[in-house]
Amino acid sequence: MASVSVSSRLNKAIHQHYMSLPQGDLCQVTYIWIDGSGEGLRNKTRTLDREPQGIEDIPEWNFDGSSTYQAEGSNSDMYLIPVAMFRDPFTLESNKLVLCEVLKYNRLPAESNLRSGCKKVMEEVKHYIPWFGMEQEYTLLGMDGRPYGWPQNGFPGPQGPYYCGVGADNAYGRDIMECHYKACLYSGVKICGTNAEVMPSQFEFQVGLCAGIEMGDHLWMARFLLHRVCEDFGVVATLDPKPMKGNWNGAGCHTNVSTKEMREEGGLQHIEQAIEKLSKRHAQHICVYDPHGGQDNIRRLTGLHETSSIHDFCFGVANRGASIRIPRQVAQEGKGYFEDRRPSANCDPYAVTGAIARTCLLGMEEEEEST
């Protein structure tokens, strides 16, 4: 039997009794932030006198940064700055989930706060009207650390029937995928699709289209919702880019990119120009496409299992073994978007979208100014 958490076995009927109690005009607001690891999420909740109508109605708060890898105990207070508000699919009513930036005691961005720098870049390139869509892959694990539903002392059959598969022998954990999808829709996250992936117990959801800084905000909130849904089911969602060694697919966060010029007639020329710029900064992008300077992705980007080699840059039409893929429809229509397949599943979307905008768009302006 699959290993699930002790908490998931608590009596949910008792829990539901309390959750259904009325709360009047009072509102629970859950503050959510990225911790010092650059991967983990933390949250805590407070009561407001009334339902906030916008992010400006959510007050700043603070927390103990010495317990989240973000400060020393002697100077541990950190500021939570609300930046994006969503509906709460867990406590319902008028309650909210609020994504926050983290500031240090001197009100400078914390080291793990990559949103601050990304927002500045997105402001500089907003006249290009950049749109993003990110494909978040993840793997479900039991509490024993093995992929959920895998034989305890062996392995499932080889890859082949699991991608978009149907049936109890092909889909391990569909309930979690579907509950997460509904939670995102309810909350206001711009989720646009989901599917089972190539490795059993592996799934993907897609977020977008999102403009500028919104991409990172919505993906991080979607990740929080995923972890909370998995908590209820008693399993773990890992974003490790290569959770299982051997002949099994890894997990990425393919990033789709377009600008106004790319979406218009003749846009393929602008797509090719952007790819050329990316080719010249391959090493720099690899360093920011996972939280550990490329050390996570080196296990995934091997040139096998629908990946390119981490050491080489290449692109192609409909080529899922390339660094950059131009979808076939885009090549045929001569406009649209491109897909950067290099970011790892545990990447920071602020780092990824910021780097792409900086290379493809700010780089363009720098060249124009020098000519």
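No experiment lies behind these values; they were computed from the predicted model shown.

Trainee: Talk me through a nonpolar patch on the surface; I want residue IDs and the actual numbers.
Mentor: The grouping of Ile 14, Tyr 18 and Leu 21 at the surface amounts to a nonpolar patch, some 320 Å² of accessible area in total. Within the element layout of this structure, Ile 14 appears in helix H1 (residues 12-19). Residue Ile 14 is classed as partly exposed on the basis of its relative accessible area, which comes to 49%.

Trainee: Describe the packing of aromatic side chains, listing the residues and the values that go with them.
Mentor: Tallied over the full model, the rule gives seven aromatic pairs. Where Tyr 162 meets Tyr 172, the ring centres are 6.2 Å apart and the plane angle is 70 degrees; that geometry is what we call edge-to-face. With Tyr 162 in the loop between strand S6 (131-141) and helix H3 (174-187) and Tyr 172 in the loop between S6 and H3, this residue pair connects regions lying 10 residues apart in the sequence. Overall, the relative accessible area of 4% leaves Tyr 162 in the buried class. Relative accessible area serves as the criterion here: at 13%, Tyr 172 is assigned to the buried category. A connected cluster of aromatic rings, assembled from ring pairs, spans Tyr 138, Phe 203 and Phe 205. Lying over the aromatic face of Tyr 186, Arg 87 brings its terminal NZ or CZ to 4.0 Å of the ring centre. Lying across the ring of Phe 155, Arg 146 places its NZ or CZ 5.6 Å from the centre.

Trainee: Please provide a residue-by-residue account of the UniProt feature "domain: GS beta-grasp" (unreviewed entry) in the chain, values included.
Mentor: UniProt records the feature "domain: GS beta-grasp" (unreviewed entry) for residues 27-107 in the present numbering. Helix makes up 0% of residues 27-107 and strand 48%, with an end-to-end C-alpha separation of 27 Å.

Trainee: Could you give an account of the environment of Thr 139, with specific residues and numbers?
Mentor: Checked against the element boundaries, Thr 139 lands in strand S6. Distance in space between the C-alpha atoms of Thr 139 and Asn 11 is 27 Å, their sequence separation being 128 residues. Setting aside its immediate chain neighbours within four residues, Thr 139 contacts Met 199, Ser 201, Gln 202, Val 236, Ala 237, Thr 238 and Pro 243.

Trainee: An account of the nonpolar core is requested, with residue identities and associated values reported.
Mentor: Core analysis: the biggest nonpolar cluster contains 66 residues, and Tyr 138, Val 189, Phe 205, Val 207, Met 221, Ile 271 and Phe 338 have the highest contact counts within it. The greatest single-element share of this core, amounting to 10 residues, is contributed by helix H4 (residues 214-233). Residues within four places of Phe 205 in sequence aside, it is in contact with Met 134, Glu 135, Gln 136, Tyr 138, His 180, Ile 191, Gly 193, Thr 194, Leu 219, Ala 222, Arg 223 and Leu 226. Tyr 31, Leu 48, Ile 58 and Phe 63 belong to the second-largest nonpolar core, a separate cluster that totals 14 residues.

Rules and cut-offs
- Residues numbered from 1 in each chain as written.
- Predicted model: local features only at pLDDT ≥ 70, side-chain atom pairs only at ≥ 80, totals over all residues.
- Heavy atoms only, no water.
- Patch = residues over 30% accessible without salt bridge, like charges linked within 9 Å, V, L, I, M, F, W, Y side chains within 5 Å.
- Areas by Shrake-Rupley, 256 points an atom, 1.4 Å probe, with all protein chains shown as cover.
- Salt bridge = Lys/Arg side-chain N within 4 Å of Asp/Glu carboxyl O.
- Helix = DSSP H or I, 4+ residues; strand = E, 2+ residues; numbered from the N terminus.
- Buried < 20%, exposed > 50% of the residue type's maximum accessible area, 1.4 Å probe, protein only.
- Phe/Tyr/Trp six-rings, centres within 6.5 Å; stacked < 30°, edge-to-face > 60°.
- Lys NZ or Arg CZ within 6 Å of the ring centre and 35° of its normal.
- UniProt positions renumbered as here; feature names shortened; annotations may be inferred.
- Contact = heavy atoms within 4.5 Å.
- Core = buried A, V, L, I, M, F, W, Y, C linked by side-chain atoms within 4.5 Å.

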